[in-house]
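Fold and contact review
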Amino acid sequence: MRDVIRDAAVGGTAIVVSSHQLELVERVCTRVQILKKGGKVVEGTLDEVRAAAATGPDASLEEVFFKLV
């Protein structure tokens, strides 16, 4: 699945992935948006999201998620 998503994205196609599998999201997505109760908490590249959560540059998306929500 991730190869299909990655190949489409490399070709210039925008792909929207909605998932609770944060490891998958971290591996295949270039931008993420974290929602809480239907509202946007943060949006951006993984580095931007990590900075917004004030986590280190090596923090997993799961760590970032739990810090923000």
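Residues numbered from 1 in each chain as written. Predicted model: local features only at pLDDT ≥ 70, side-chain atom pairs only at ≥ 80, totals over all residues. Heavy atoms only, no water.

1. A look at the side chain of arginine 50
Where we set the bar: Segments assigned H or I by DSSP are reported as helices when at least four residues long, segments assigned E as strands when at least two residues long, and all are numbered from the N terminus. A 1.4 Å probe rolled over the protein chains alone gives each residue an accessible area, and that area as a share of the maximum for its type sets the label: buried under 20%, exposed over 50%, partly exposed in between. For this analysis, residues touch if any pair of their heavy atoms sits within 4.5 Å.
One can find arginine 50 in helix 3 (residues 46-52). Its relative accessible area of 12% is what places arginine 50 among the buried residues. Leave out the neighbours within four places in its chain, and arginine 50 touches Glu26, Thr55, Gly56, Pro57, Asp58, Ala59 and Val64.

2. Some details on unusual backbone geometry
A positive phi angle is found at lysine 37, which is not glycine, with a value near 50 degrees. Within the fold, lysine 37 resides in the loop between strand 1 (32-36) and strand 2 (39-44). Of note, the phi angle at alanine 54 is positive, near 55 degrees, even though the residue is not glycine. Its location among the elements puts alanine 54 in the loop between helix 3 and helix 4 (61-68). A relative accessible area of 57% places alanine 54 in the exposed class.

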